[in-house]
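Chain by chain, the residues:
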Amino acid sequence: MGMPRSLLAATAGAAAVAVTGALLLAPGPAAAAPGPDGPHQVREGAGRDTGRDTTPVGAGALRALEVAEPGLRKDGGYPRRTVLAPPPVNPADKSVKLGLAPYHALAPRLNALQGLGDRVSVEIAGRSAGDHELYLVTVTAPETARQARDQERMRELIENRPAVAARDRRIRTAYKTPVFFNNNIHGNEWEGTDAALELVEELARAKDARTASLLARNRIHINVTANPDGRIAGTRANGNGFDLNRDFITASQPETRAMRRIAVDKQPAVMLDLHGYVNGTLIEPTTPPHGENYEYDLFLKNAYANALGMEKAVNGLGRTPEKDGVEPAVIPFRDQQEGWDDWPPIFTPQYMPFHGAVAAHTIEFPLTVNNRAYDTLPVAELRRRAAINTDIAGAAMRAALDWTHTHRASVIADQIETFRRGAAGEAQRPVSEATVPGVPGIGPEDVYTTTFPRAYVIPAGARQRSATAAARLVDHLVANDVRVERARSPFRAAGRTYPAGTYVVDMHQPKRGLANVILADGRDISADVSTMYDISGWSLGLLWGASVVEVAGGALRVDSRPVRAAAPTGSVARRGDLRLRLDDPRELAAVNSLLARGVPVRRAADGAALVPGSARAEARALATRYGVEFLATAERSSVPLRRTRVAAAVSAGELFALREMGFDVVPVSNAVLDAGFDWSSADALFVSSGLDRAKLTPAARDALDGFLARHGTAVVASGAAGAAFNAAAGLLPVRAVEGNGDANGVVRVANAGRITAGTPRHTFVYSPLWFTDLGRGVRAEQFYDSGDPLVSGHWRAGADGAGGPRDAAGRASVVSGSSAHGGPVVLFGTEPLFRAHPKGVFAQVGRALLLR
């Protein structure tokens, strides 16, 4: 039985805040609905990150990856009321034009909702990159502190002792199913926020028995706006220019870390992520390939059933193509062949199953109101569309609640079973009509499983070259609620002896899927599907700089203790001058900090930094802060390292990574240069996007060429835009060959020069390039590995048979040399800073800029 809308009727006040002045107009042309024979739907935002968002980005807004996010409250009962301080009214908030709730109206609205009774609680889950509060609403029946503690005890039992939880009658009868609605993660996809506000008010006011039962047996957690920066500015990205729905697993942004904390602390069994705009309304589950680290049989069973209920509710609103411009809802698993996959764990609904969500969905409401539509359509039409989208978002939420309430016993049982299989080390169950009855169309193309190793070992002895990177990786695993242990004594695994202090990730653990998705090499899925929506490879084990050893099988006997944080790795030699390797981004950050303080740092023959012993106090502070090791040295050098101010025409992820390494960066583009740019304070130029020399005004081009002609000016460039800039400016005599533009993933490389020394033998590519016909004085710093360099991801040859990984094999992936004016130039055919993710290879760019 569905939850009648009449029982959760919206008040006039709620409707007035959500949508004001909406008028019914004749609908504009609607996009064709995808179906078995319909056009391929492409989600907004796919492809290589080449542009910069229009959200202002400032150095002060950047919040470091390592900043710890506060945990959510686990003490006290419900309601947990928080009196929110309203921010100043902002008439420029882009929501206003759509008749939707501007960010400054949310705090007063939430304060009022908390006053409606004893069902609504609000907590501050964190702050955005632009320093806006993130509001987490919980709607549930009141709980005493003792009852809340009992709920937390059951939640922990489900995760940590799932076999016991499966037999616990109290969990079956009294545990409240956690449901999570995530809204507005893309700032210019607004309407989920407004639908959620309406829903909260309905639940707070409703007097019927059905609602009372719902709230007695479920907790509804709502992230009101996951991206307030983008909501205000009308941008997809947050205040740092990041697409937050690409940042899971990396978790570089504070908003993503807040959502991660919600996943860990609340352990949702069902979640929706509200987006726009695909017509008809798109409701996951998805097409192949499916993430191989899930218990996909349990997930598909629940996700498909929930999708059917949401489809019925959305179509039941009576919106039609003729009357409203709204096509019928679409479920990609049923209606499409490929192109909307759930392979990478970078999206919210693909990340949440690792924390126990057995039904997780992206919902794309249908009518476009952002981008060009926002700027060109009449206000009345925009508000009409926004009102329809709000109704559809609300229908999906209500249907998900109804389905969860009806099936809560089996939903919780399947969450427990997900964790139990991991803890027991059992094999996955491939999906089939037998294992997932009632889901039509399951075929061999839907079967994606993996063989989990017995453990992963992360060596981290005091003299390990990767100690700093190992600590970073361990802290990241712990932050993701992956269990890590540290050996108290030496042990053997798979024929190898490891010393005390080694980290071990036992894969017999409830969240083994998440551990594996972080640490495994990944998989080459080039032959499985013709196209992917977004990236296909992401191994932190290969890309974050730590040594990670897979233990395939056998007994695992380790005297160990649980790790809550990695052991400190920073140290400073007691006497003499100091030496700091520059093969990790934290080492780059440390040396840039020394240079900013005026410490005379010199360059060793191999590119390391030589620090005078007189700066020992500064070195100690930096060793503690960054976990880096300053060794004693007697080496001498007359070559100084100088503070580098970088003019950067780059993506938001690259900008963030450069600043994470401590570089002083000023963003540039054609528009910035055309407006007049002072090159006098810049020491280097980094180009990967947004700078086309041929399209500059004559004055801007002359100023740029004058800068490039300055003796010693360094240029670093990456990707097709960087290669084009190199050719247009006449810097290095090389030929850049473009591979398949859709290709991406983790590749093997051979490091051959000073720029790449000490960095991993793997890197990341997106639209890969390689270099041939190297002219006089041009050196290959790195090569793609021979044979097939692709380890994991999706890289096919193009339609003409060219551009595949075998064409790249053995070719130069990074080259360096000097321009005609004597300035160092480094060209990357790889993506060493992609979305601030592959941290182990950041130092390649850092060295290219610093060792000039």
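Before reading on, note that the structure itself is shown above.
Per-chain numbering applies: the sequence of each chain, read as written, is numbered from 1 onward. It should be noted that, the model being predicted, local features are given only for residues of pLDDT at least 70 and side-chain atom pairs only at 80 or more, the latter also being counted only at that level, while totals for whole chains, interfaces and linings use all residues. For the side-chain quantities, the full set of heavy atoms in the structure was used; hydrogens and water were omitted.

Caption draft 1: The overall build of the protein, seen in detail. The number of helices and strands found in the protein is 27 helices and 33 strands. Two things to know: the radius of gyration comes from C-alpha atoms, and the globule rule equals 2.2 Å times the number of residues to the power 0.38. In terms of overall dimensions, the protein is globule-like: its C-alpha atoms have a radius of gyration of 27 Å, near the 29 Å expected for 852 residues. On the principal axes, the C-alpha backbone points of the protein span a range of 80 × 65 × 55 Å. For the exposure calls, accessible area comes from a 1.4 Å probe over protein chains only, and a residue counts as buried if that area is under 20% of its type's maximum, exposed if over 50%, partly exposed in between. Burial analysis of the protein (852 residues in total) assigns 61% to the buried set. Numbering of helices and strands runs from the N terminus, with a helix taken as a DSSP run of H or I at least four residues long and a strand as a DSSP run of E at least two residues long.

Caption draft 2: Here's a closer look at unusual backbone geometry. Across the junction of Tyr-78 and Pro-79, the peptide omega takes the value 10 degrees, indicating a cis bond. Looking at where Pro-79 falls in the secondary structure, it is placed in the loop between α1 (12-18) and α2 (103-114). Between Pro-288 and Pro-289 the backbone carries a cis peptide bond, its omega angle lying at -5 degrees. For Pro-289, the position within the fold is in strand β7 (residues 287-290).

Caption draft 3: Structural detail: the sheet that holds strand β3 (residues 177-183). Between any two strands, pairing holds if DSSP finds at least two bridges. Strand order in the open sheet formed by seven strands is β1-β2-β4-β3-β5-β9-β6, with mixed pairing between adjacent strands. Strand pairing shows two members of the sheet lacking a second neighbour, β1 (120-127) and β6 (282-283), which therefore form its edges. Taken together, the six bridges between β3 and strand β4 (residues 218-223) define a ladder with parallel strand orientation. Each bridged residue has a counterpart across the sheet, and for Thr-177 the counterpart in β4 is Asn-218. Of the strands in this sheet, β1, β2 (133-139), β3, β4, β5 (270-276) and β9 (359-365) are in contact with helix α6 (residues 191-205), which crosses β3 at around 140 degrees. Residue contacts follow a heavy-atom distance rule, with two residues in contact if any of their heavy atoms lie within 4.5 Å. Note on method: axes are straight lines fitted to C-alpha atoms, helices fitted across the in-contact stretch only, with angles between N-to-C directions ranging 0 to 180 degrees.

Caption draft 4: Summary view of the environment of Ala-723. Counting through the fold element by element, Ala-723 comes out in helix α25 (residues 719-729). If sequence neighbours within four positions are ignored, Ala-723 has contacts with Ala-736 and Leu-769.

Caption draft 5: Representation of the packing of α2 against α6 within the structure. At a minimum axis distance of 10 Å, the contact between α2 and α6 shows a crossing angle of 15 degrees. Between α2 and α6, the angle falls in the class roughly parallel. As α2 packs across α6, the resulting crossing turns out to be left-handed. Taking contact as the criterion, the partners of Leu-106, Arg-109, Leu-110 and Leu-113 in α2 are, on α6, Thr-193, Leu-197, Glu-198, Val-200 and Glu-201. Here the term charged refers only to Asp, Glu, Lys and Arg, the term nonpolar to Ala, Val, Leu, Ile, Met, Phe, Trp, Tyr, Cys and Pro, and the term polar to all other amino acids, Gly among them. Here the contact of α2 with α6 is built from residues that sort into five nonpolar, one polar and three charged. Reported orientations rely on four angle classes, namely roughly parallel under 35 degrees, roughly antiparallel over 145, roughly perpendicular from 65 to 115, and oblique for the rest. Here a crossing is taken to be left-handed if its near helix is turned anticlockwise relative to the far helix by less than a right angle, and right-handed if that turn runs clockwise.

Caption draft 6: Local environment of the nonpolar core. Counting residues in hydrophobic clusters, the biggest one holds 147 residues, and the most contacted among them are Phe-181 and Val-505. The leading source of residues in this core is helix α15 (residues 379-406), at 12 residues. Once you skip the residues sitting within four places of it in the chain, Val-505 turns out to touch Ala-455, Tyr-456, Ile-458, Leu-477, Val-482, Arg-483, Val-484, Ala-515 and Leu-519. Within the second largest apolar cluster, 52 residues are counted, among which are Leu-582, Val-665, Ala-714 and Val-716. Among buried residues, those of type Ala, Val, Leu, Ile, Met, Phe, Trp, Tyr and Cys that are joined through side-chain atoms within 4.5 Å constitute a nonpolar core.

Caption draft 7: Focus on the pairing of β5. With seven of seven residues buried, β5 lies mostly within the body of the structure. Examined bridge by bridge, β3 and β5 share five bridges and lie parallel to one another. Considered in β5, the bridge of Val-179 is made with Val-270. One ladder, built from seven bridges, connects β5 with β9; its direction is parallel. Bridge assignment links Leu-272 to a residue of β9, and that residue is His-361.

Caption draft 8: Fine view of the pairing of strand β23 (residues 664-667). Of the strand pairs in this sheet, strand β22 (residues 645-649) and β23 are connected by four bridges, and their pairing is parallel. Paired with Val-646 across the bridge in β23 is Val-665. Whether a crossover is right-handed comes down to one check: with the strands pointing away from the viewer, does the path from the first strand over the helix to the second run clockwise; if it does, it is right-handed. Each parallel crossover has a hand, and the one from β22 via helix α22 (residues 652-660) to β23 is right-handed.

Caption draft 9: Up close: the sheet that holds strand β19 (residues 602-603). Taken in spatial order, the five strands make up an open sheet running β17-β21-β18-β20-β19, and their pairing is mixed. Two strands close off the open sheet at either side, each with one partner strand: β17 (571-572) and β19. Summarising the sheet, strand β18 (residues 577-580) and strand β20 (residues 609-611) pair through three bridges and their orientation is antiparallel. Across the sheet, Leu-578 pairs through a bridge with Val-611, a residue of β20. Across the sheet, helix α20 (residues 585-596) touches β18, β20 and β21 (629-633), and the angle it forms with β18 is around 135 degrees.

Caption draft 10: How the structure looks around the environment of Met-397. Here Met-397 lies in helix α15. For Met-397, a relative accessible area of 0% translates into the label buried. On a C-alpha basis, the gap between Met-397 and Leu-631 in space is 57 Å, while along the polypeptide they are 234 residues apart. If we skip the residues at most four places from it in the chain, Met-397 touches Phe-181, Asn-183, Gly-192, Ala-195, Ala-196, Leu-199, Leu-272 and Leu-274.

Caption draft 11: Local environment of the pattern of salt bridges. Each salt bridge in this description consists of a side-chain nitrogen of Lys or Arg and a carboxyl oxygen of Asp or Glu lying within 4 Å of one another. Under the defined criterion, the tally for this structure stands at 52 salt bridges. The partner of Arg-127 in a salt bridge is Asp-131, and the shortest N-O contact between them spans 2.8 Å. Put simply, Glu-295 and Arg-421 hold a salt bridge, and the shortest N to O gap is 3.1 Å. Of this pair, Glu-295 sits in the loop between β7 and α10 (296-315) while Arg-421 sits in helix α16 (residues 408-424), placing them 126 residues apart in sequence. The network of salt bridges with shared partners includes Glu-295, Asp-297, Glu-417, Arg-420, Arg-421, Glu-426, Arg-429 and Arg-512.

Caption draft 12: Representation of the packing of α10 against α15 within the structure. For the pair α10 and α15, the least separation of the axes is 8 Å and the interaxial angle reads 135 degrees. As far as their axial angle goes, α15 and α10 are oblique. As for the relative orientation of α10 and α15, their crossing is right-handed in sense. In this structure, α10 contributes Asn-302, Ala-305, Asn-306, Gly-309, Met-310, Ala-313 and Val-314 to the contact, and α15 contributes Ile-392, Ala-395, Ala-396, Ala-399, Ala-400 and Trp-403. Residue composition of the contact of α10 with α15, grouped by class: 10 nonpolar, three polar and no charged.

Caption draft 13: Representation of the side chain of Thr-193 in the model. You can see Thr-193 is positioned in helix α6. Exposure remark for Thr-193: the relative accessible area of 0% places this residue in the buried category.

Caption draft 14: Main features of α6. In a regular helix each residue adds 1.5 Å, so 15 residues correspond to 21 Å; α6 covers 22 Å between its end C-alpha atoms and thus fits that length. Counting buried positions along α6 gives 14 out of 15 residues, so the element sits mostly inside the fold. Helix span is expected to be 1.5 Å times the residue number reduced by one.

Caption draft 15: Looking closely at the packing of aromatic side chains. Aromatic rings from Phe, Tyr and Trp, with only the six-membered ring used for Trp, were paired whenever their centres fell within 6.5 Å, and each pair was classed as stacked if the ring planes differed by under 30 degrees, edge-to-face if by over 60, and tilted otherwise. A full pass over the atoms with the stated rule returns 18 aromatic pairs. Considering the side-chain rings of Tyr-766 and Phe-834, the 5.6 Å spacing of their centres and the 25 degrees angle between planes classify their relative orientation as stacked. Pair noted here: Tyr-766 is in strand β28 (residues 762-766) and Phe-834 is in the loop between β33 (824-828) and α27 (842-850), with a separation of 68 residues, a long-range link. A relative accessible area of 4% places Phe-834 in the buried class. The residue whose ring lies beneath Arg-80 is Tyr-78, and the NZ or CZ to ring-centre distance is 4.2 Å. When the NZ atom of lysine or the CZ atom of arginine is within 6 Å of a ring's centre and also within 35 degrees of its normal, the charge is said to sit over that ring. Geometry around Tyr-374 places Lys-97 over its ring, the cationic atom sitting 4.5 Å from the centre.

Caption draft 16: Summary view of the environment of Asn-184. Relative to the helices and strands, Asn-184 is located in the loop between β3 and α6. Between the C-alpha atoms of Asn-184 and Arg-161, which are 23 residues apart in sequence, the distance is 35 Å. When sequence neighbours within four positions are dropped, the list of residues in contact with Asn-184 reads Glu-189, Trp-190, Thr-193, Thr-225, Ala-226, Asn-227, Arg-231 and Leu-274. From its side chain, Asn-184 meets the backbone oxygen of Glu-189 in a polar contact 3.1 Å long. Under the rule applied, a polar contact is a pair of N or O atoms within 3.5 Å (in protein, one hydrogen donor and one hydrogen acceptor; residues adjacent in sequence only if both atoms are side-chain atoms). At a separation of 3.1 Å, a polar atom in the side chain of Asn-184 contacts the side chain of Arg-231.

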